[in-house]
Amino acid sequence: MPEKKHVLIVASPRPRVGKTLLARVLAAHLSLTGDDPKLFDTDAADRRLTAFFPGKTTIIDLERVPDQMKLFDTLAAEPAGSQIIDLTHRSFGKFFRLMHEIGYVAEGKARGIETVVFYIPDSEHESYELGLDVRTRFSESGFVLVKNAALGEPSRDALNNSSFMTLAGHSPVVQLRLLDPFLVSAIEDVRLSLSEFARRSMLRQMPPPLPSDQMSLAYLSLEARNGISAWLHAAFAEIRRALRTTDLQADIVAHDRFGV
Amino acid sequence: MKPAVIIVGADKGGVGKTTISRTLLDYLASRNLLARAFDSESPRGSLKRFHPSVTEVIDITAISDQMKMLDTLVSSERKINVIDIRAGQLSSTLRAFTDIGFFDAVRSGEFRFALFHILGPSVASLEEIADVLPFTGGKNYFAVKNFINETSFFEWDPAVYDSYFKMAKGAVELNIPKLNEMAYEQVDLSGVPFSTFIKNKNAQGHNANSSLVLRGYVRTWLKHVFDEYDRVGLIDRLTDE
């Protein structure tokens, strides 16, 4: 069976939960598998994803209908590769309302595109309620619950929340391990290309030959390289497993639907 | 099935009569009811542009054209007739239909009849209600509030509105929601029925390559319009024996 084309949506109703980082990790993972993903940055003001992939990222302002068309019409076109959306928390409601209204998921499926939402809740109960709502509304798309260790444990309110309890049993999950604060700043350095870093670390290649003031912090010490490499490859493994599961879930749904 | 006539009109222009007629033709087709349409914007009808195969352009003031419509009600296999009355001719058309004896035939059960009175956001629209109501006796009178192109709210005072509406015993209020302007314009440029646009086809039945986003807006909007027609039991009102 040919590799599926994916539309991966990194989403959270909350700011600062690691959306752009996860979008970068997804992009690196896909490019290591030979895919050349298209990237969409929906934060037209901050453009954090664009900072990492200048020239490769399409900036989308979801308040504008022409931009909505640019985004969804590209997503639904016969794609050369997978596509990744870094969805700003400010456009969270708007995006999913739109996706629902235009029936995007089914339209994508008809063209062999699987939509998968990577949902990152924070520790508060509202984010579990909104996450469950997305999962319920888009039952035809994949849903991956992302547990980012950097965000801490769910609050007491969240633990007693029925949405939290429902989502607690969700599969698949992607765990992002806790990372040392120095490594976090290294990984968030805009000079760092995660795919290049991962390729080098797999091939046990030396850091790029650059003057130290231009070199990403991630390459500066062996400890930094090893720490980030371990974190990154663990994340890749989680993502690989999650996508295998959502693909399988999609096949089972298709199988049931057509009764093959 | 008895022939049914739906008159879509307003005395004021620019309130979206043709748009409403178009949604009606889509709605009836979606319920597998054969309909034909008459467009009184003679000589060039805009309804005809969107639904050419079922629409005939007529001059509603000409006796010969009135005959063309009413004398074929029974013989036509298309039992539901949507008549889009051009601006300013609603009252006069209703008067002409009265003179012909059309409303007597409706009262005696020969035909089904519904009036879609399209109200604009101005108070003048409310005054029209009083002019138009006596013709129908309130039965199957639909006061259509058309929000499709409106961003502002209707300027009616609720108390005034209620007083007009009370005169209309059995009158039914219909709300047509707003449609995104770009989507509306794109359908307009395509010159096809809303349902055809949603299916991504052009007038020749070929793939149209319309934007998924715009089609999505139209699909959701049309569904809400259909839900409104369902809510008031339009089909039953037109087909009940």
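The preceding data block contains the structure.
This is a predicted model, so every value here is computed, not measured.

Asks: Would you explain the overall build of chain A in this entry?
Replies: Each helix and strand in chain A was counted, giving 11 helices and seven strands. The C-alpha atoms of chain A give a radius of gyration of 18 Å, which matches the 18 Å a tight globule of 260 residues would have. For the C-alpha atoms alone, the extent of chain A along its principal axes is close to 55 × 45 × 40 Å. Each of the 260 residues in chain A was classed as buried or not, and the buried ones make up 40%.

Asks: How should the interface of chain A and chain B be read in this particular structure?
Replies: Quoted interface sizes are often the accessible area lost when the parts come together. Each partner contributes to the interface: chain A provides 11 residues, whereas chain B provides 11 residues. Only α3 (65-76) and α5 (104-110) of chain A provide two or more residues apiece to the side of chain A that touches chain B. Per-element accounting of the side of chain A that touches chain B gives the leading share, six residues, to α3 of chain A. Looking at the side of chain A that touches chain B residue by residue, the class counts come to six nonpolar, two polar and three charged.

Asks: Can you walk me through the sheet that holds strand β7 (residues 172-176) of chain B in this structure?
Replies: Within a sheet, each strand pairs with its neighbour through backbone hydrogen bonds, oriented either parallel or antiparallel. Residue and element names in this part refer to chain B. Reading across from one edge, β3-β2-β4-β1-β5-β6-β7 is the order of the seven strands in this open sheet, with parallel pairing throughout. Of all the strands in the sheet, the pair left with one neighbour each is β3 (55-57) and β7. On average, adjacent strands in this sheet sit at an angle of 20° to one another, irrespective of strand direction. Sheet topology places strand β6 (residues 141-146) next to β7; five bridges connect them, and they run parallel. The residue bridging K145 from the neighbouring strand is N175, located in β7.

Calculation criteria
Residues numbered from 1 in each chain as written. Chains lettered and ligands numbered in written order. Predicted model: local features only at pLDDT ≥ 70, side-chain atom pairs only at ≥ 80, totals over all residues. Helix = DSSP H or I, 4+ residues; strand = E, 2+ residues; numbered from the N terminus. Rg over C-alpha atoms; globule rule 2.2 N^0.38 Å. Buried ≥ 20, exposed ≤ 12 C-beta atoms within 10 Å, placed from the backbone. Contact = placed C-beta atoms within 7 Å. Nonpolar A, V, L, I, M, F, W, Y, C, P; charged D, E, K, R; others polar. Pairing = 2+ DSSP bridges. Axes fitted to C-alpha atoms, helices over the stretch in contact; angles between N-to-C directions.

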